Amino acid sequence: YEWFNGFMGLVLGILIGTFILGAFTKVANTFGAVAAFIAWLSAKLGILLPVMCVLMGMMIIDYITGMLASKRESLEHPDDPAYGWSSRRGAEGIIKKVGYLCVIAVAMVVDYLILRVSAETGFEVSAKAFFGLLVAIWYILNEILSIIENAGRMGSPVPEWLMRYVSVLKNKIDSQGDGTEERVR
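Each chain has its residues counted from 1, running along the sequence as written. In keeping with the model being predicted, local features are shown solely for residues with a pLDDT of at least 70 and side-chain atom pairs are shown and tallied solely at 80 or more, while totals for entire chains, interfaces and linings include all residues. The side-chain figures draw on all heavy atoms in the structure; neither hydrogens nor water molecules are used.

A. Region of interest: the overall build of the protein. Strands are runs of DSSP state E lasting at least 2 residues, helices are runs of H or I lasting at least 4, and numbering of each runs from the N terminus. In terms of helices and strands, the protein carries six helices and zero strands. Across the protein, helices and strands are ordered from the amino to the carboxyl terminus as α-α-α-α-α-α. Buried residues in the protein amount to 26% of all 185 residues. Any two residues whose heavy atoms approach within 4.5 Å are treated as being in contact. In the protein, the share of contacts with a sequence separation of at least 24, taken over all contacts with a separation of at least 6, comes to 60%. Each accessible area is a Shrake-Rupley result for a 1.4 Å probe, and residues are judged covered by the shown protein chains and nothing else. By element, 69% of the accessible surface of the protein is carried by carbon and sulfur atoms, the whole surface being about 12,500 Å². Only protein chains enter the accessibility calculation, which uses a 1.4 Å probe; a residue is then buried when its area is under 20% of its type maximum, exposed when over 50%, and partly exposed in between.

B. Highlighting helix α5 (residues 131–153). In this model α5 runs 33 Å from its N-terminal to its C-terminal C-alpha over 23 residues, within 8% of the 33 Å that 1.5 Å per residue would give. Positioned one or two residues after α5, G155 has a phi angle of 100 degrees, which is positive. A helix is expected to span 1.5 Å for every residue after the first.

C. The packing of aromatic side chains, seen in detail. Aromatic pairing here means that ring centres of Phe, Tyr or Trp (its six-membered ring) are within 6.5 Å. Orientation follows from the plane angle: under 30 degrees is stacked, over 60 is edge-to-face, and everything else is tilted. According to the stated counting rule, one finds three aromatic pairs in the structure shown. Pairing Y100 with Y139 gives two aromatic rings, centres 4.2 Å apart and planes at 20 degrees, and the pair type is stacked. You can see Y100 sitting in helix α4 (residues 87–121) and its partner Y139 sitting in helix α5, a full 39 residues away along the chain. For Y100, a relative accessible area of 7% puts it in the buried group. Relative to Y139, the ring of W138 lies with its centre 5.1 Å away and its plane at 75 degrees, an arrangement referred to as edge-to-face.

Geometric descriptors of this kind do not, in isolation, establish any biological role.
This is the structure we're talking about:
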């Protein structure tokens, strides 16, 4: 029932928002509908929305830098088919990124289940998004590492401490589940 109300709020919110926008400004367009959709997403996802936007940006930058790095390698090794961009590797990269989003969706379902069960049993949970947020940040760090590696493949000097620092952050998130932590060296 709650999901249905939320969905109806989205649909009716977009329709009513577009109608009001058209009635007062004579500009009822896709922009108004998109703005209403983003407002609804922000209300539903909270802190997870900007984190997901950062993740999407990092995914796009990683994909572009990966293509550029492959192009540079193909220029350095023109006779070697192992180097260079291929549509197969590009498709595999896109599929991997879709897999990221699926794992984040599963983590969000776990968050939702924890919130629902805790509400039904009388426990108060203050965080609305924990696992989804943690997984999304882990993937952001993964994308940042990949962007840095791609920059190195393009010939850019990459500070070793930056790679180490991002790796340590990613490992800290990994270790939260098993109670161990890697120390910064």
